[in-house]
Amino acid sequence: MNAFSELPAAAPGERAAAQARLVDALRPLLPAHALLWQSEDTTPYECDGLTAYRERPLAVALPETEAQVAAVLQACHRLGVPVVARGAGTGLSGGAMPHPMGLTLALAKFNQILAVDPLARTARVQCGVRNLAISEAAAAHALYYAPDPSSQIACTIGGNVAENSGGVHCLKYGLTLHNVLRVRGFTVEGEPVEFGAEALDAAGLDLLSVVVGSEGMLAVITEVTVRLTPKPLLARCIMASFDDLRKAGDAVAAIIAAGIIPAGLEMMDKPMTAAVEDFVHAGYDLTAEAILLCESDGTPEEVAEEIERMSAVLRDSGATQIAVSEDEAQRLRFWSGRKNAFPASGRISPDYMCMDSTIPRKRLADILLAIQQMEQKYGLRCANVFHAGDGNLHPLILFDANDPDQLRRCELFGAEILETSVEMGGTVTGEHGVGVEKLNSMCVQFSPEERAQMLALKAAFDPAELLNPGKVIPTLHRCAEYGKMHVKRGLLPFPELERF
């Protein structure tokens, strides 16, 4: 069941006619090379990082100016054509998957860093600028952009805003929302709009926090002003090994309970450490059932004290081995495994599906043990890596998409991970978004009344439901159908979960 299964399928003739109307309307607005509609040209846009689900749009627009973005949106609004904005396509929940009767608005050409202000510690950038490029531009001023998703070498700041992305250092420095001051863009009607401000506060309602994480459903963002953070004088990383998953999970909770907020606190289980060690040779302990990476940054004195305190907590929690980075090269080597977890998984499996639920830190061991049981139930392997400090899981279910039965079992496996997370007091997504992947699980987490409020908010921005429709918020019909499937699988009926 994908996001568009509830929409009536268009007949070939109807699709061709709709495509012709759209192309005729957009041709005067864009250079010839900036409008694609032939199948061989639109195929590269048929999915994002969630490759299991694909659709082909009527056309792809690649505007080069804000005036072109406005004109394209105005034309689509006039024709009633859905619009799906797209950045680098690195998203993992199908948020940028095209609408089969819509336009994909590809914003990759908006890739300029417009200004870096070292005094205000801000950078003003276009939406297509890569996450890592912001830090590279700010490095000359001893500043950097703190949110660092694993895809930061490729993902764009516009996509980060859409998903409210985090990263390995989000525990101390916050998510995208905490590091963005202002965004500019356009409404579905093509009208310019601005949220937030470069000042300490913005007048009126705080709509910036509504737009960040809205997955392209409320506005099309073209420019972002981000907060820059001073580079710490020193950073050191602890790699701690554990012979038991529960001990490792309890150690995470113990560090936070001790009043320590590490710059990064990540966890990997044995299957994942084996995959990444074979790939990048980070020096991981392959005998450990789980390892923790705990980073401290600040002045040398602050780092020395925090490393000592964290090491004591880890030893008391049952760590079997503790290694502390001696220099910057070793610290980066420790992190190289964590940063390369996804490509390492791609080396050992034809495909993988990455889940993105969150749970209370005290339940880390419980969810890992539950996932081990699910591996047996569905006959698929799962490697786990996650932002342990804030309870954000990233289980990677390994499967072969060429086998329809494996894909079916993978979908059921993923749904059970998400719904078990909700049952444990967590949520179905932390930073990857809902997109199409988690639509069904949204039925489990949120009541009909809550979903109605979400739809009302979207209607306030986009009453015709033309921006990224059919995603994020499931319909009553979808939830009713999924509820029947849910009970048939022997899982809890929805009302029993809604208490969370």
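To start, this report covers the structure provided alongside it. Remember, predicted model here, so these are calculated numbers, not experimental data.

### What to know about the pattern of salt bridges
Right, so step 1: Scanning the entire structure with this criterion turns up 26 salt bridges.
Right, so step 2: The partner of R56 in a salt bridge is E46, with the nearest N and O atoms 4.0 Å apart. Taken together, the residues R56 in the loop between α2 (39-42) and β2 (59-61) and E46 in the loop between α2 and β2 connect sequence positions 10 residues apart.
Right, so step 3: Between K172 and D297 there is a salt bridge, and its shortest N-O distance comes to 2.6 Å.

### Comments concerning empty space enclosed by the protein
Right, so step 1: One pass over the full model with this rule turns up one cavity of 30 Å³ or more.
Right, so step 2: Of the volumes computed, that of the largest cavity is approximately 40 Å³.
Right, so step 3: As for the largest cavity, its lining consists of G167, V168, C170, L171, G264, L265, E266, H387, A388, G389 and D390.
Right, so step 4: Only α6 (170-173) and β13 (264-269) provide two or more residues apiece to the lining of the largest cavity.
Right, so step 5: Residue composition of the lining of the largest cavity, grouped by class: five nonpolar, four polar and two charged.

### Description of the pairing of strand β18 (residues 392-399)
Right, so step 1: With eight of eight residues buried, β18 lies mostly within the body of the structure.
Right, so step 2: A two-sided burial pattern is seen for β18, the buried positions comprising N392, H394, L396 and L398 on one face and L393, P395, I397 and F399 on the other.
Right, so step 3: Where strand β17 (residues 381-387) lies against β18, seven bridges are found, and the strand directions are antiparallel. When the bridges of β18 are listed, H387 appears paired with N392.

### A word on the packing of aromatic side chains
Right, so step 1: Going through the model one piece at a time under the given rule, you end up with four aromatic pairs.
Right, so step 2: Both rings, one in Y378 and one in F413, keep their centres 5.4 Å apart while their planes meet at 20°; by these two values the pair is stacked. Separated by 35 residues along the polypeptide, Y378 in helix α13 (residues 364-378) and F413 in helix α14 (residues 404-423) bring together distant segments of the chain.
Right, so step 3: Under the relative-accessibility criterion, Y378 is labelled buried at 7%.

### What to know about the sheet that holds β13
Picture the strands of a sheet paired through backbone hydrogen bonds; they go either parallel or antiparallel.
Right, so step 1: Reading across from one edge, β15-β12-β14-β13-β17-β18-β16 is the order of the seven strands in this open sheet, with antiparallel pairing throughout. Each edge of the open sheet is held by one strand with a lone partner, namely β15 (321-324) and β16 (351-354). Strand-to-strand twist of the sheet, defined as the mean angle between neighbouring strand axes without regard to direction, takes the value 15°.
Right, so step 2: Against the sheet, helix α8 (residues 245-257) engages β12 (234-242), β13 and β14 (290-298), with an angle of about 175° to β13.
Right, so step 3: The strands that helix α9 (residues 270-280) touches are β13, β14, β17 and β18; relative to β13, the one it contacts most, it runs at about 95°.

The rules behind these values
Residue positions within a chain follow its written sequence, with the count starting from 1. A pLDDT threshold of at least 70 governs which residues receive local features in this predicted model, and a stricter bar of 80 or more applies before side-chain atom pairs are shown or counted, although totals over entire chains, interfaces and linings include all residues. Based on all heavy atoms of the structure, the side-chain values leave hydrogens and waters out of the count. Between Lys or Arg on one side and Asp or Glu on the other, a salt bridge is scored when a side-chain nitrogen of the former is within 4 Å of a carboxyl oxygen of the latter. What counts as a helix is a DSSP run of H or I of at least four residues, what counts as a strand is a run of E of at least two, and both are numbered from the N terminus. Here the term cavity refers to a set of points on a 1 Å grid, laid over the protein atoms alone, in which a 1.4 Å probe fits but cannot get out; the term pocket refers to an open set having protein on both sides within 12 Å along at least five of seven lines, with lining residues being those that place an atom within 4 Å of a point. Grid points are joined across faces, edges and corners, and a volume is the space filled by probe spheres set on the points. Each residue gets one label: Ala, Val, Leu, Ile, Met, Phe, Trp, Tyr, Cys and Pro are nonpolar, Asp, Glu, Lys and Arg are charged, and the others, such as Gly, are polar. Buried, partly exposed and exposed residues are distinguished by accessible area as a fraction of the type maximum, computed with a 1.4 Å probe on protein chains only: under 20%, between the cut-offs, and over 50%, respectively. A strand pair is defined by DSSP finding two or more bridges across the two strands. In this scheme Phe, Tyr and Trp rings, the latter by its six-membered ring, pair at centre separations within 6.5 Å, and the angle between planes marks the pair as stacked below 30 degrees, edge-to-face above 60, and tilted otherwise. Orientation is described by axes fitted as lines to C-alpha atoms, over the contacting stretch for helices, and by angles from 0 to 180 degrees between their N-to-C directions. Any two residues whose heavy atoms approach within 4.5 Å are treated as being in contact.

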